[in-house]
Amino acid sequence: MNKTGLFELTIIVPIYNEEDNMLRLEKELAEYLSHASVGSCVLFVNDGSKDNSGKLVQEICKRNKAFFYLSFVKNAGLSAAIKAGIDAAQSPYVAYIDADLQTTPEDFELLLPYRQEYALVMGIRTGRKDSFGKKLSSKVANKFRRMMTHDGVEDTGCPLKIIDTAYAKRIPFFKGMHRFLPALIQLQQGKVKQIAVRHFERTAGKSKFNLRNRLVAPFVDCFAYRWMRKRYINYSIHSENISDQVNDR
Ligand code: UDP
Ligand code: MG
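Quick caveat: nothing in here was measured; it's all calculated off a predicted structure.

Draft legend 1. Main features of helix α1 (residues 22-35). A rise of 1.5 Å per residue sets the reference length of α1, with its 14 residues, at 20 Å; its end C-alpha atoms lie 20 Å apart and thus fit the reference within 8%. Buried within α1 we find Met-22, Leu-25, Glu-26, Leu-29, Tyr-32 and Leu-33. In a view along the axis of α1, the buried residues occupy a sector of 140 degrees, so they form one face of it. Facing away from the buried side of α1 by more than 90 degrees, the exposed set consists of Leu-23, Lys-27 and Ser-34. Considering only its buried residues, α1 is in contact with β1 (9-15), β2 (40-46), α2 (53-63), β3 (67-71) and α4 (108-111).

Draft legend 2. Representation of the packing of α1 against α2 within the structure. The geometry of α1 relative to α2 is characterised by a closest axis approach of 10 Å and an angle of 25 degrees between their N-to-C directions. By the criterion of interaxial angle, the relationship of α1 to α2 is roughly parallel. Pair α1 / α2 crosses with right-handed handedness. Two secondary-structure elements touch here, α1 through Met-22, Leu-23 and Glu-26 and α2 through Ser-53, Leu-56, Val-57, Ile-60 and Arg-63. For the contact of α1 with α2, the residue count by class is five nonpolar, one polar and two charged.

Calculation rules
Once a new chain begins, its residue numbering starts again from 1 and follows that chain's sequence as written. To label them, take the chains in the order written and letter them from A, then take the ligands in the order written and number them from 1. It should be noted that, the model being predicted, local features are given only for residues of pLDDT at least 70 and side-chain atom pairs only at 80 or more, the latter also being counted only at that level, while totals for whole chains, interfaces and linings use all residues. With hydrogens and water excluded, all non-hydrogen atoms of the structure serve as input to the side-chain values. In DSSP terms, a helix is any run of H or I states spanning at least four residues, a strand is any run of E spanning at least two, and both are numbered starting from the N terminus. The span one expects for a helix is its residue count, reduced by one, times 1.5 Å. Note on exposure labels: buried denotes an accessible area under 20% of the residue type's maximum, exposed denotes more than 50%, and partly exposed covers the range between, all computed with a 1.4 Å probe on protein chains only. This arc is built from the directions going out from the helix axis to the C-beta atoms. The contact rule is simple, with two residues in contact once any of their heavy atoms fall within 4.5 Å. Only the contacting stretch of a helix is used when fitting its axis, a line to C-alpha atoms as for every element, and angles between N-to-C directions run 0 to 180 degrees. Convention used here: angles under 35 degrees read as roughly parallel, angles over 145 as roughly antiparallel, angles from 65 to 115 as roughly perpendicular, and any remaining angle as oblique. Handedness of a crossing is defined here by the sense of rotation of the near helix relative to the far one, left-handed for an anticlockwise turn of less than a right angle and right-handed for a clockwise turn. Think of it as three bins: nonpolar holds Ala, Val, Leu, Ile, Met, Phe, Trp, Tyr, Cys and Pro, charged holds Asp, Glu, Lys and Arg, and polar takes everything else, Gly as well.

Below, the structure written as structure tokens:
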């Protein structure tokens, strides 16, 4: 077992060139952990940052006891960072929040009450503080995705989510999967709950996504999702004799 197994919730934070956000991130996460309603730890995934983020991550993890990290050899993308966090997590629930603090960890408290009943509990960003262009592209992308996947989800890209770890570990992973998390949970017949959360401006660092990587690849991925839905493997085990046998030998 790794250290995340000692907590009920592992908060995965993907980080790519976010040096100017790191200290505020530390402060907000530490403050949240001090009063979170479930025992929670932080798992930073440094996605090959080229700035000082990697060093700051290590320093922050040294001075806060429930803060852990993984650091990639080189940049592998947001979906890879989330996957690495999910692969490593051994707590019953995993959460996801972006490093730019455009959503606040405090709002995990709004999602947590639903964690047992739903496989995925996620935010809907209210009063979005993004540029007109970004809000528009996000709206178009959300609408198209909803039409293609029938996931019924208002704001797939909201960077505030809590997932039952067993479901999270079964998600089929591919580049861009972070935009399809609700639909990929529904593939497993998992239920999704959406809750309104607050949204803030990005006060430091830069957005890593532009119109091209926000619209073109995700458009194509919608077709891949539909293929996957048709061919997805779901099975239920009727009986087995592999559990709880180890100590009986
Ligand atoms: N990120 C990452 N790897 C990447 C690109 C982004 O880990 O290759 C992280 C980034 O540091 C942030 C989150 O993913 O924590 C979302 O990125 P960003 O805020 O730039 O996206 P936006 O909110 O503008 O869509
Ligand atoms: Mg952001």
